[in-house]
Amino acid sequence: MSTIITFYTAANDDAAERGPGKDSVGFGDFDVFASLEEWESFLLDRPLDDVDGPEQVNDEESPLILGFLPKLTNALARADAATLAGVATKWVAARAADGEKVDPAQARRILTDLAALARSRRPLYCHVA
């Protein structure tokens, strides 16, 4: 089964439950839970065991809506191109270690697009269906 992952901004959790709006980017199938935790670990320079991970903001299994923690959103917003490229490289390696193939160019695109959304200064969310 394929999973569509859409990252988007919303004013708050209630607005996020209505789903993605115009400020969104969608991608194909990858382990979004592990990825969000890995991004937090890499961007905040914290051991993976010490990250908080995303918070589910709705009560449904599908679509699942996850809220980015503010510290991860802020780190994405502050990240420059070199930082994002470094995180992408680490993320591709981490996913490969778990047997998941993520294309390096796609990894850079995902993180670059997320950083652009984060710079809107609105909370970030992830819609998984």
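Refer to the structure above for everything that follows.
Sequence order as written defines the numbering, with residues in each chain counted from 1. Per-residue local features are limited, in this predicted model, to residues with pLDDT of at least 70; the limit for side-chain atom pairs, both in listing and counting, is 80 or more; totals at the level of whole chains, interfaces and linings are taken over all residues. Side-chain measures here rest on the full set of heavy atoms in the structure, leaving out hydrogens and waters.

Colleague: Help me out: how do you make sense of the overall build of the chain in this one?
Modeller: In this text, helices come from DSSP runs of H or I with a minimum length of four residues, and strands from runs of E with a minimum of two, each type numbered from the N-terminal end. Looking only at helices and strands, one finds five helices and five strands in the chain. What the globule rule says is 2.2 Å times the number of residues to the power 0.38, and the radius of gyration is computed from C-alpha atoms. Taken over C-alpha atoms, the radius of gyration comes to 14 Å for the chain, in line with the 14 Å a tight globule of 129 residues would show. Seen through its principal axes, the chain has C-alpha atoms that stretch 35 × 35 × 25 Å. With a 1.4 Å probe rolled over the protein chains alone, any residue whose accessible area is under 20% of its type maximum counts as buried; one over 50% counts as exposed, and the rest are partly exposed. A buried classification covers 46% of the 129 residues belonging to the chain. The long-range fraction of contacts in the chain, counting pairs at least 24 apart against all pairs at least 6 apart in sequence, stands at 67%. As presented, the chain carries roughly 6,900 Å² of accessible surface, and 48% of it is formed by carbon and sulfur atoms. Under the counting rule used here, the positive set is Lys and Arg, the negative set is Asp and Glu, and His together with the chain ends is not counted. All charge positions are set by atom: Lys at NZ, Arg at CZ, Asp at CG, Glu at CD. Here the chain contributes 13 positively and 22 negatively charged side chains, and the mean placements of these two sets differ by 10 Å. Contacts are residue-level and defined by heavy atoms, with any inter-residue pair within 4.5 Å sufficient. Surface accessibility in these figures is a Shrake-Rupley result with a 1.4 Å probe; residues are shielded only by whichever protein chains are displayed.

Colleague: Mind showing me how you'd approach empty space enclosed by the protein here?
Modeller: Take a probe with the size of a water molecule and roll it over the atoms, and the empty space left behind shows itself. Cavities and pockets are found on a 1 Å grid laid over the protein atoms alone: a cavity is a set of points where a 1.4 Å probe fits but cannot escape, a pocket is an open set with protein on both sides within 12 Å along at least five of seven lines, and a lining residue has an atom within 4 Å of such a point. Grid points are joined across faces, edges and corners, and a volume is the space filled by probe spheres set on the points. Tallying each qualifying case throughout the model produces one cavity of 30 Å³ or more. In this structure, the largest cavity spans a volume of roughly 40 Å³. Around the largest cavity, the lining residues are L36, E40, G53, P54, G67, F68, L69 and L72.

Colleague: It is not clear to me how the sheet that holds strand β3 (residues 55–56) should be interpreted in this structure. Could you clarify?
Modeller: The strands that make up a sheet are held in pairs by hydrogen bonds between backbone atoms, and each pair lies either parallel or antiparallel. Two strands make a pair as long as DSSP finds a minimum of two bridges between them. Reading across from one edge, β2-β1-β5-β4-β3 is the order of the five strands in this open sheet, with antiparallel pairing throughout. Looking along the sheet, the strands with just one partner apiece sit at the ends: β2 (24–27) and β3. Judged from the five bridges that link them, strand β1 (residues 5–9) and strand β5 (residues 124–128) form a sheet pairing that is antiparallel. Each residue of the ladder has a partner; that of Y8, found in β5, is Y125. Across the sheet, helix α5 (residues 104–118) lies against β1, β2 and β5, angled at about 160 degrees from β2, the strand it touches most. Axes, fitted as lines to C-alpha atoms, cover a helix only where it is in contact. Angles between the N-to-C directions of the axes lie from 0 to 180 degrees.

Read these as spatial facts, not as claims about activity.
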